[in-house]
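Architecture and fold: a report
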Amino acid sequence: MSENTQADLSLTNALQTVLASKQLPNMLNSQQTKTLCNILSCNVIELAERMLPLAASFSFAPKSNFHVGAIAVDKQQQLFLGANYELEYGPLTGSLHAEQSAIFNALSHQADELTDLVINAAPCGYCRQFINELANAAQLKVRFNQQSYDFPQLLPQSFGPNDLGVQAPLAKLKLNKASQAPDFAKASYAPYTQVQSAMFAYQGDKVIAWSCYLENVAFNPSLSPLLTLLSQLTLNHLSLNNVERFELWEHKDNRFSFKQELQNFAEHSQKPMVHHYYPST
């Protein structure tokens, strides 16, 4: 699975047996989780803790060299892995945190309500504010350093969606009937600006990763679709070598665009990009 997991051979062997593969997926379904817990004689949270080195192995951190793994657990006891991702160029704001990566991974798989977030390091204030956007943040359990916390303990006197009257905080993305690129852009969570944006990585005619825009009540923890897209590539064991082009789809009436951000990355990575507006004018 990874050099980081050699010390936990029983976990590695169990995963290879259950998955029938040496390649770790970016999520485990309920049945896989149950089977692994039975083999390893552990509960779901203990399994997630043991898998944190695997999650961290997806990290791309050329600036900090600080590799963080996170695993989101939903009500169905599915596990969704995430890891931090840093751009090699530009300011430090060009980074995605492991908690954000795991949460988007869960949302992109249409996860049920998240119950736990297991991390190999204490969440920073930025991530705590991002987590606070979740509809069930008040009920979420966060575990790190072998300790479990009710999320409100980590963000007392918080400022969240309720303070701005948001009726539908971040929960499931509207992807049930998504088939065309604009459908994924419309799944963006943007209660503050109503911006609809989605990015795709293509190999030939095949979409190998996608992302959409997620906002935050505190504004600056809002999640760029570019960073999420790059994280999704790594979680699928893909690199930029697998990408032939990037596409950005945005509503023509958006208040702002991610075109320049993607264009900068496309030039840096020497990949072509295509920008689409919808509906057509």
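Anything mentioned here points back to the structure above.
Criteria and cut-off values
- Along each chain, the written sequence defines residue order, and numbers are assigned to residues from 1.
- A pLDDT threshold of at least 70 governs which residues receive local features in this predicted model, and a stricter bar of 80 or more applies before side-chain atom pairs are shown or counted, although totals over entire chains, interfaces and linings include all residues.
- Side-chain descriptors were evaluated using all non-hydrogen atoms of the structure, hydrogens and water having been removed beforehand.
- Here the rule is simple: two strands pair whenever DSSP picks up at least two bridges between them.
- The way it works is that DSSP assigns letters per residue, a run of H or I at least four long becomes a helix, a run of E at least two long becomes a strand, and they are numbered from the N terminus.
- Every axis in this analysis is a line fitted to C-alpha atoms, fitted for helices over the stretch in contact. Angles between the N-to-C directions lie between 0 and 180 degrees.
- Note on angle classes: values under 35 degrees are labelled roughly parallel, values over 145 roughly antiparallel, values of 65 to 115 roughly perpendicular, and the remainder oblique.
- In this analysis, two residues are considered to be in contact whenever any of their non-hydrogen atoms come within 4.5 Å of each other.
- Note on classification: 1.4 Å probe, protein chains only; a residue is buried when its accessible area is under 20% of the maximum for its type, exposed when over 50%, partly exposed between these limits.
- Relevant arc is that of directions from the helix axis to the C-beta atoms, nothing else.
- Two N or O atoms count as a polar contact when they lie within 3.5 Å, although within protein this holds only if one can serve as hydrogen donor and the other as acceptor, and sequence-adjacent residues are included solely when both atoms are side-chain atoms.

1. Examining the sheet that holds strand β12 (residues 273-278)
Across the sheet, which stays open at both edges, the four strands sit in the order β10-β9-β11-β12 with mixed pairing between neighbours. In the strand order of this sheet, the two ends are held by β10 (206-212) and β12, each with one partner. Each adjacent strand pair in this sheet contributes to an overall mean axis angle of 20°, direction not counted.

2. Structural notes on the sheet that holds strand β8 (residues 147-150)
Sheets are built from strands that pair by backbone hydrogen bonding, the pairs being arranged parallel or antiparallel. If you trace the six strands from one edge of the open sheet to the other, you get β1-β3-β2-β6-β7-β8, paired in mixed fashion. One side of each edge strand has no neighbouring strand; the edge strands of this open sheet are β1 (27-28) and β8. One ladder, built from five bridges, connects strand β2 (residues 69-74) with strand β3 (residues 79-83); its direction is antiparallel. Within β3, the residue paired with Ala 72 across the bridge is Phe 80.

3. Things to note about the packing of helix α5 (residues 98-108) against helix α9 (residues 225-235)
Packed helices, taken two at a time, are described by their axes: the angle between them and the distance between them. Where α5 meets α9, the closest approach of the two axes is 10 Å, and the angle between their N-to-C directions is 80°. Taken as axis vectors, α5 and α9 run roughly perpendicular relative to one another. Residues Ser 101, Phe 104, Asn 105 and Ser 108 of α5 touch α9, and the partners they reach there are Thr 228, Ser 231, Gln 232 and Leu 235.

4. As for unusual backbone geometry
A cis amide bond, omega -15°, links Tyr 278 with the succeeding residue Pro 279. With respect to the secondary-structure elements, Pro 279 resides in the segment after β12. The backbone of Asn 65 shows a phi angle near 55°, a positive value even though the residue is not glycine. Mapped onto the elements of the fold, Asn 65 is located in the loop between α4 (52-56) and β2. For Asn 65, a relative accessible area of 58% translates into the label exposed. In this structure, Gln 194 takes a positive phi of about 60° despite not being glycine. Structurally, Gln 194 can be placed in the loop between α8 (181-186) and β9 (197-203).

5. Here we look at helix α2 (residues 30-40)
By the burial criterion, the buried members of α2 are Thr 33, Leu 36, Cys 37 and Leu 40. For α2, the buried positions fall inside an angular range of 100° around the axis, keeping them on one side. Facing away from the buried surface of α2 by more than 90 degrees, the exposed residues are Gln 31, Lys 34 and Asn 38. Close packing links the buried residues of α2 with α1 (9-19), β1, α3 (44-50) and β3. Among the residues of α2, the N-terminal cap falls to Asn 29, whose side-chain oxygen and the backbone nitrogen of Gln 31 are separated by 3.1 Å.

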